[in-house]
Amino acid sequence: MMKNTNLPSGTRDEFGIEAEVKETIQNKLFKTFRQRGFRKLTTPVLEYSDVFKPLSAEDYRPYQLLDDQGEPLVLRPDLTLPVARVMSTTGIELPVKWYYGGDVFRVKKQLSGSYNQLTQAGIEIVGYKGLKADWECLEVALSGCKSMGIENVTIELSHAKFVDTLIEQLELPDPTKDSLKQALFAKDLSKYSQLSQPLSDTQFGRFLGEWPWLFGNFDTVMAVVETLPEIDGLQSIITSLKSTAAFINQLFPEANVTLDLSIPSPQSYYTGMAFRGFTDKSAGYLFSGGRYDDLLTNFQNVKTSAVGVAFDVDALVERTSLPDDQPGALIFFTSDQWQQAEETLAKVPNSTLCLTDSFESAQRLAASSNSRLIDLTKSR
Ligand SMILES: N[C@@H](Cc1c[nH]c[nH+]1)C(=O)O
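Sequence order sets the numbering: in each chain, residues are counted from 1 along the sequence as written. Whole-chain, interface and lining totals are the exception, using all residues; otherwise, since this is a predicted model, local features are given only for residues with pLDDT of at least 70 and side-chain atom pairs are given and counted only at 80 or more. In computing side-chain properties, one takes all heavy atoms of the structure into account and sets aside hydrogens as well as water.

An unreviewed UniProt entry lists the chain under the name ATP phosphoribosyltransferase regulatory subunit, with Lentilactobacillus sunkii DSM 19904 given as the organism. According to the UniProt record, the Sequence similarities (unreviewed entry) comment for the chain is "Belongs to the class-II aminoacyl-tRNA synthetase family. HisZ subfamily." UniProt positions are given in the numbering used here, feature names are shortened, and annotations may be inferred rather than shown by experiment.

Pasting the structure below:
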């Protein structure tokens with residue numbers, strides 16, 4: 001049978017200007033990471049599937065294969081969990097700040113139009129409990145976008161603990177609480193109102209009525225949250241979100257801060273604040289990150305605080321205007337003139353060696369690439 005020359009669904013080849021812009025963007029990000037004191041960490045593309053247990057299986061269905069012992073392996077669907085694995089198996093001293101870049105693989109639904117292989121570049125800050133580490137992630141993310149000329153970034157803040165903290169307080173049987181949460185996430189409004197109806201006359205009534213729409217402008221959403229009675233754990237969530245919004249407004253006044261308290265956490269392993277950056281409504285996110293203080297407990301028995309953020313490098317490439325091809329010069333020479341050709345190459349900006357043997361082919365190539373032809377064979 002003929003070998004299949006098609007690409008597996010959801011993959012692509014990248015070439016030319018676009019591939020080069022992608023490389024430039026990655027290098028620029030890596031340079032910033034290094035300047036801010038992050039060290040490089042590279043992990044393999046293949047890992048044991050157990051590493052990714054904390055991921056929600058629906059959103060991150062991995063490509064699976066077996067090693068020669070029959071152990072299940074996957075192509076990594078995420079780059080944060082391998083960092084947690086490294087931290088739990090190597091005894092590297094804390095605190096530590098890592099940066100990385102590479103591809104992640106996620107099996108998406110057929111014909112969903114999205115790629116199954118994505119390039120990320122990100123940082124993980126391990127061993128700091130306080131908000132300063134979260135803010136360093138936001139600073140890196142927002143200044144990264146700025147340095148690429150990406151303006152009008154909307155930062156969507158959320159908090160992994162908000163929904164559970166609130167639902168826990170409601171006087172409902174546990175299975176109902178669960179269904180209410182699912183209805184909220186699925187924006188199944190008829191189910192949601194039916195389940196929350198018995199509480200409409202309680203102190204949560206007003207809030208419950210607005211909860212499915214609890215996203216958008218930061219201050220507007222916060223005003224609704226502040227109608228809530230005092231609840232264990234709620235105040236610290238509110239304080240961290242408010243001070244973070246104030247931080248962003250102060251350092252990046254041009255950014256637009258929104259808050260969404262009606263969605264599931266962007267990653268099942270987040271335990272605190274999470275944030276995503278967008279430029280326009282329709283497109284996917286530019287960066288996504290959050291705090292995950294329990295992750296390392298999946299690998300070892302001590303809790304370690306960590307927070308990180310990853311750029312979707314392909315999304316950055318999409319929003320970068322590609323440079324025009326500069327007309328260049330082609331140096332035509334005979335093979336015994338190589339040294340002279342090198343000298344010309346060094347002197348003439350934007351020139352390249354012409355590798356054709358005949359002058360006619362050189363002329364054709366110059367014409368088709370809109371280049372000036374420098375003929376060294378004339379000067380012999
Ligand atoms: N790994 C996350 C991003 C992240 C990095 N660090 C923390 N979160 C993602 O792919 O969405």
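On we go.
S.K.: Account for the site of the ligand, naming residues and giving values.
M.R.: Nearness of a residue to a molecule or strand requires only that one of the residue's heavy atoms be within 4 Å of it. Close to the ligand lie 16 residues; Asp-78, Thr-80, Glu-124, Gln-267 and Tyr-270 are nearest. Pairs of N or O atoms within 3.5 Å make up the polar contacts considered here, provided that, within protein, one atom can donate a hydrogen while the other can accept it, and that residues adjacent in sequence are counted only when both atoms are side-chain atoms. A distance of 2.8 Å is found between a nitrogen atom of the ligand and a side-chain nitrogen or oxygen belonging to Thr-80. In this structure, a nitrogen atom belonging to the ligand sits 2.9 Å away from a side-chain N or O atom of Glu-124. Polarity classes work like this: nonpolar for Ala, Val, Leu, Ile, Met, Phe, Trp, Tyr, Cys and Pro, charged for Asp, Glu, Lys and Arg, and polar for all others, with Gly in that last group. Classifying every residue of the shell around the ligand gives six nonpolar, seven polar and three charged.

S.K.: Any chance you could break down the sheet that holds strand β14 (residues 351-353) for me, citing the residues and the numbers?
M.R.: Strands were regarded as paired on the criterion that DSSP finds at least two bridges between them. Put simply, DSSP H or I for four residues or longer makes a helix, DSSP E for two residues or longer makes a strand, and each gets a number counted from the N terminus. The parallel open sheet is built from three strands, whose spatial order is β14-β13-β15. Unpaired on one side and paired on the other, β14 and β15 (372-375) mark the two borders of the sheet. The mean inter-strand angle of the sheet, taken between neighbouring strand axes irrespective of direction, is 30°. Bridge count between strand β13 (residues 329-332) and β14: three bridges; the pairing is parallel. Each bridged residue has a counterpart across the sheet, and for Ala-329 the counterpart in β14 is Ser-351. Residue contacts follow a heavy-atom distance rule, with two residues in contact if any of their heavy atoms lie within 4.5 Å. With axes taken as lines fitted to C-alpha atoms, and helix axes fitted only over the stretch in contact, angles between N-to-C directions fall between 0 and 180 degrees. Sheet strands touched by helix α11 (residues 338-347): β13, β14 and β15. Its angle to β14, the strand with the most contacts, is close to 165°.

S.K.: Give a detailed account of the packing of helix α5 (residues 174-186) against helix α6 (residues 189-196), specifying residues and quantitative values.
M.R.: Across the interface, α5 lies against α6 with an axial gap of 8 Å and an inter-helix angle of 145°. In this structure, the crossing between α5 and α6 has a hand that is left-handed. For the pair formed by α5 and α6, the contact residues are Thr-176, Ser-179, Leu-180, Ala-183 and Leu-184 on the first element and Lys-191, Tyr-192, Leu-195 and Ser-196 on the second. When its residues are assigned to classes, the contact of α5 with α6 shows five nonpolar, three polar and one charged. What makes a crossing left-handed is the near helix being turned counterclockwise from the far one by less than a right angle; a clockwise turn instead makes it right-handed.

S.K.: Outline the UniProt feature "binding site: L-histidine" (unreviewed entry) in the chain, supporting the account with residue identities and numerical values.
M.R.: With numbering aligned to this structure, UniProt lists the feature "binding site: L-histidine" (unreviewed entry) at Asp-78, Leu-79, Thr-80, Arg-106, Gln-120, Glu-124, Tyr-269 and Tyr-270. With respect to the element layout, Arg-106 can be found in the loop between β5 (96-105) and β6 (117-126). Every residue in contact with Arg-106, bar those within four places of it in the chain, is listed here: Tyr-60, Arg-61, Tyr-63, Pro-77, Asp-78, Asn-116, Leu-118, Gln-120 and Tyr-285. Apart from the residues lying within four places of it in its own chain, the contact partners of Tyr-270 are Ala-160, Ser-265, Ser-288, Gly-289, Gly-290, Arg-291 and Tyr-292.

S.K.: Could you give an account of the state of the cysteines, with specific residues and numbers?
M.R.: Here, disulfide denotes a covalent bond that connects the sulfur atoms of two cysteines. Throughout, a disulfide means two cysteine sulfur atoms within 2.5 Å of one another. This structure, assessed with the given rule, holds zero disulfides. Among the cysteines around Cys-137, which has no disulfide bond, Cys-145 carries the closest sulfur, lying 13 Å off. Residue Cys-137 is classed as buried on the basis of its relative accessible area of 0%. Relative accessible area serves as the criterion here: at 1%, Cys-145 is assigned to the buried category. Accessibility here uses a 1.4 Å probe with only protein chains present; expressed as a share of the type maximum, an area under 20% marks a residue as buried, one over 50% as exposed, and anything in between as partly exposed.

S.K.: Residue-level account of a negative patch on the surface, with values.
M.R.: Taken together, the side chains of Glu-20, Glu-23, Asp-324 and Asp-325 make up a negatively charged region of the molecular surface. Here Glu-23 shows up in helix α1 (residues 16-35). Patch criteria: residues need more than 30% relative accessible area and no salt bridge. Like-charged residues are merged within 9 Å; nonpolar side chains of Val, Leu, Ile, Met, Phe, Trp and Tyr are merged within 5 Å. The Shrake-Rupley method, run with a 1.4 Å probe, gives the accessible areas here. Residue values count only the displayed protein chains as cover. Criterion for a salt bridge: a side-chain nitrogen of Lys or Arg within 4 Å of a carboxyl oxygen of Asp or Glu. Charge counting treats Lys and Arg as positive and Asp and Glu as negative, with His and both chain ends excluded. Charge coordinates come from a single atom per side chain, which is NZ of Lys, CZ of Arg, CG of Asp or CD of Glu.

S.K.: Describe the sheet that holds strand β10 (residues 273-278), listing the residues and the values that go with them.
M.R.: In spatial order, the strands read β1-β5-β6-β12-β11-β10-β7-β9-β8; together these nine strands make up an open sheet with mixed pairing. At either end of the open sheet lies a strand with only one pairing partner, and these are β1 (39-40) and β8 (215-217). Pairing geometry for β1 and β5, over two bridges, is parallel. Looking at the pairing, Arg-39 lines up with Trp-98 of β5.

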